[in-house]
Amino acid sequence: MKRLWIFPLVLAAACASCGDSPQDQITIAGSTSFQPFVEMVAEAYEQGHPDVRILVQGGGSTAGVLAVRAGAATVGMVSRGLQPDEKDLSAMVAARDGIAVIVHPSSPLSNLTTDQIRGIFSGTVTDFGELGGPKGPVRPVTREEGSGTRGAFVDLLMGGRAITPAALVQDSNGSMRELIAHDPEAIGYISLGLVDGSVKALNIDGIRPARENVENGSYRLVRPFMFIFNGQLEGTARLFVDFVLSPQGQRMLEQEGLIAAK
Amino acid sequence: MAKADIHDWAISKVLFLFALSAISGLALIAIFIVHEGLAVIVSEGAKGFVFSTRWQPLEKHFGILAMIVGSVVVTLGALAIALPLGLGSAIALAEFCPKGPAMALKATIELLAGIPSVVYGGIGFVVLVPLIRVYIGGPGLSVLAASVVLGVMILPNIVSISIDAILAVPQTYREGSIALGATRWQTTYRVVLRAARSGIVAAVILGMGRAVGETMAVLMVAGNSVQVPTSVTSSVRTLTSNIALEMGYAAGQHRQALFATGIVLFIMIMVLNIIATTAARRRA
């Protein structure tokens, strides 16, 4: 008990030595759609540049905008167009991504028109019978309001109509896909690059959601994956963004399912 | 002699300082959320904020009634599950089970309280939700799923505190009752439970407080639609899930509205805790 003061002293000393090692560190935050791709490229970049550390965080496109504004992140990731009040930030398109409307693999649906999709997600179409399938409920699932994927979906497809408040809400592409993969009556939307064998992507107005249709412009549900930042990028951040936009970086993104920035 | 007195005085002052820092932490949090959230309650009007079901923050509509109903319904559902199971377990363990196994079982139930809420949510999402969707109906993500998961989460709280309340009843009460010719169950039901009533009420209300404040598990299994639930299979959003879903990207008035939701939650849980402590203090 007499030497009790030693313990806080030791603790303080230990904490002081846990400072940041002399590394270049940048934080990138924002869209959960873009995040896995940036993480993958960042890992490759870190292997080539051992003194660089790139922290990639999610939170959603709007959270990315807020983080860049607040200085919490050097670079933000956004998976939709910028809103008018966000235009003060600089943006660089790093890739393009389609949005796929997905259902359970066992669903009898294979094609929906834009009007039908609007009806389902605005809540006016509630039964599969109205879509030509067997009678049964249709459950639209959407992302949270700050999501870039949701923002792009609403801008590009909903034609001014709002998504019904009765829709189920999931907070990331991953949890959305997980939900659709297990519920035969649910319908949702995720990043085209994240569609895998666990869900079925629907044709929209007869157009298949495939890379070639995005590139030739016939599949119109396409949104940009952008890096956003204040003013000009410098140093490590600039070098990394340049790497993502380089032919090597673009090839990496395409291999994972994205489409080149052009 | 004088040095020991000063020693005592100094230690008591230091401990008082620690206690003060805990209370001031609570006060600072309360002041912060009121400061952040009051503006939107004033501009929407307390009535408009609390009694409107229209929550469309991007269009500046901030009504949290749907979420208040969601929180209340899910909490009551959790109680419907945890109360009979919890009270029954507590009575069985405190009155009818032999001492050794009873203490071991009590310790095991208390382990349940240590499981992180996200694990409960994960199990609920993967196991419970598909079962509800297939065998009962609806999307599976529902009031029912949230109630079951919450019920299991608050079970150890209710069992633990109820057992303590029952064990605190003096043995003389039981002996007197048996001496008068009552059976063991009659003794338990009419004498012991009545004597432990205030402690059991406190246990239940503290469990309710935990259920109201639970966020992660409910977020994963409740569906999060902004609508007043119409049946146990309806998707629902609670006050806590609302804050968790939207705080990451909320700005301006939207953020203030989320802090105002925090004020409402704070008040609800304070009220529940005050009721619990006054109930516990009253003698049966």
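Here the structure is a predicted model, which is why all the values come from computation and not from measurement.

(A) Geometry of the overall build of chain B. The number of helices and strands found in chain B is 12 helices and two strands. When the elements of chain B are put in sequence order from the N terminus, they spell out α-α-β-β-α-α-α-α-α-α-α-α-α-α. Scored against the burial criterion, the 284 residues of chain B give a buried share of 42%. Sequence-distant contacts, at least 24 apart, represent 74% of the contacts inside chain B between residues at least 6 apart.

(B) Highlighting the overall build of chain A. If you tally the helices and strands in chain A, you get nine helices and 12 strands. Here the C-alpha coordinates of chain A stretch approximately 80 × 55 × 35 Å along the principal axes. Classification of the 262 residues of chain A by burial places 42% in the buried group. Once local pairs closer than 6 in sequence are excluded, the contacts in chain A between residues at least 24 apart make up 75%.

(C) Molecular detail of the interface of chain B and chain A. Listed per partner, the contact involves 18 residues of chain B and 17 residues of chain A. Of all the secondary structure elements, the ones that give two or more residues to the side of chain B that touches chain A are helix 5 (117-135) and helix 11 (239-246) of chain B. Looking at the side of chain B that touches chain A residue by residue, the classes come out as nine nonpolar, seven polar and two charged.

(D) Broad picture of the nonpolar core. Membership of the largest hydrophobic core comes to 142 residues, with the highest contact counts inside it found for Val101 of chain A together with Ala145, Ala146, Val149, Leu150 and Val221 of chain B. Residue contributions to this core peak at 17 residues, all from helix 6 (residues 143-167) of chain B. Not counting the four nearest positions on each side in its chain, Val149 of chain B is found in contact with Tyr120, Gly121, Gly124, Leu128, Ala217 and Val221 of chain B.

(E) Quick peek at the pairing of strand 1 (residues 24-30) of chain A. Residue and element names in this part refer to chain A. Taken together, the seven bridges between strand 1 and strand 2 (residues 52-59) define a ladder with parallel strand orientation. Bridge pairing in strand 2 links Thr27 to Leu55. With helix 2 (residues 35-48) bridging strand 1 and its parallel neighbour strand 2, the resulting β-α-β unit is right-handed. Taken together, the three bridges between strand 1 and strand 3 (residues 75-78) define a ladder with parallel strand orientation. Pairing of Ala29 across the sheet is with Gly76, part of strand 3.

(F) Region of interest: the pairing of strand 4 (residues 90-103) of chain A. Residue and element names in this part refer to chain A. Within strand 4, 10 of the 14 residues are buried, which leaves the element mostly enclosed by the surrounding structure. Pairing geometry for strand 4 and strand 11 (residues 222-229), over eight bridges, is antiparallel. Bridging across to strand 11, Ala91 finds its partner in Ile228. Bridge count for strand 4 against strand 12 (residues 259-260) is two bridges, and the pairing is antiparallel. When the bridges of strand 12 are listed, Ala95 appears paired with Ala260. Bridge count for strand 4 against strand 8 (residues 186-191) is five bridges, and the pairing is antiparallel. Bridge pairing links Ile102 to Gly188 in strand 8.

(G) Local environment of helix 9 (residues 197-213) of chain B. In a regular helix each residue adds 1.5 Å, so 17 residues correspond to 24 Å; helix 9 of chain B covers 25 Å between its end C-alpha atoms and thus fits that length. Within helix 9 of chain B, 13 of the 17 residues are buried, which leaves it mostly tucked inside the rest of the structure.

(H) A look at the domain arrangement of chain B. Residue and element names in this part refer to chain B. Along its sequence, chain B is carved into domain 1 (2-51) and domain 2 (65-281). Its C-alpha centre places domain 1 at a distance of 27 Å from the equivalent point of domain 2. With 11 residues of domain 1 at the contact, the number on the domain 2 side is 11 residues. Counting only elements with at least two residues in the side of domain 1 that touches domain 2, the list comes to helix 1 (2-44) and helix 2 (46-51). In terms of residue count, the dominant contributor to the side of domain 1 that touches domain 2 is helix 1 (eight residues). Taken together, the residues that form the side of domain 1 that touches domain 2 break down as nine nonpolar, one polar and one charged.

(I) Looking closely at the domain arrangement of chain A. Residues and elements named next belong to chain A. Under the domain assignment, chain A is made up of domain 1 (25-96 + 223-260) and domain 2 (98-222). Look at where the C-alpha atoms of domain 1 and domain 2 centre, and you get two points 26 Å apart. Contacts between the two partners involve 17 residues from domain 1, matched on the other side by 19 residues from domain 2. Among the elements that make up the side of domain 1 that touches domain 2, the one with the highest residue count is helix 3 (residues 61-70) (three residues). In the side of domain 1 that touches domain 2, the residues fall into four nonpolar, nine polar and four charged.

(J) Structural detail: unusual backbone geometry. Its identity is not glycine, yet Asp205 of chain A carries a phi of approximately 50 degrees, on the positive side. Although it is not a glycine, Asn224 of chain B sits at a positive phi angle of roughly 65 degrees. For Asn224 of chain B, the position within the fold is in the loop between helix 10 (216-221) and helix 11. With 27 C-beta atoms counted inside 10 Å, the residue Asn224 of chain B sits in the buried group.

(K) The arrangement of the environment of Ala12 of chain A in detail. By the element assignment, Ala12 of chain A lies in helix 1 (residues 6-16). The spatial distance from the C-alpha of Ala12 of chain A to the C-alpha of Leu112 of chain A is 63 Å, given a sequence separation of 100 residues.

(L) Structural detail: helix 11 of chain B. Buried residues dominate helix 11 of chain B, accounting for six of its eight residues. Structurally, helix 11 of chain B contributes buried residues whose contacts are with strand 7 (168-170) of chain A together with helix 3 (65-96), helix 9, helix 10 and helix 12 (253-281) of chain B.

(M) Seen up close, the confidence of the model for chain B. Chain-level pLDDT for chain B is 90 on average; 99% of the residues reach the 70-or-more range. For this predicted complex, the interface score ipTM comes out at 0.79, while the overall pTM is 0.83.

(N) View of the packing of helix 5 of chain B against helix 6 of chain B. Residues and elements named next belong to chain B. Packing of helix 5 against helix 6 brings their axes to within 10 Å, and their N-to-C directions diverge by 140 degrees. When the axes of helix 5 and helix 6 are compared, the pair comes out oblique. For the pair helix 5 and helix 6, the sense of crossing is right-handed. For the pair formed by helix 5 and helix 6, the contact residues are Ser117, Tyr120, Gly121, Gly124, Leu128, Val129 and Ile132 on the first element and Leu144, Ala145, Val148, Val149, Val152 and Met153 on the second. Within the contact of helix 5 with helix 6, the residues separate by chemical class into 10 nonpolar, three polar and no charged.

(O) Layout of the environment of Gly48 of chain A. Of note, Gly48 of chain A is situated in helix 2. Through-space distance from the C-alpha of Gly48 of chain A to that of Leu109 of chain A is 46 Å; in sequence the pair is 61 residues apart.

Conventions and cut-offs
Residues numbered from 1 in each chain as written. Chains lettered and ligands numbered in written order. Predicted model: local features only at pLDDT ≥ 70, side-chain atom pairs only at ≥ 80, totals over all residues. Helix = DSSP H or I, 4+ residues; strand = E, 2+ residues; numbered from the N terminus. Buried ≥ 20, exposed ≤ 12 C-beta atoms within 10 Å, placed from the backbone. Contact = placed C-beta atoms within 7 Å. Nonpolar A, V, L, I, M, F, W, Y, C, P; charged D, E, K, R; others polar. Core = buried A, V, L, I, M, F, W, Y, C linked by C-beta atoms within 7 Å. Pairing = 2+ DSSP bridges. Right-handed = clockwise from strand over helix to strand, strands pointing away. Expected span 1.5 Å × (residues − 1). Domains from an automatic or database assignment. pLDDT = per-residue confidence, 0-100. Axes fitted to C-alpha atoms, helices over the stretch in contact; angles between N-to-C directions. Parallel < 35°, antiparallel > 145°, perpendicular 65-115°, else oblique. Left-handed = near helix turned anticlockwise from the far one by under 90°.

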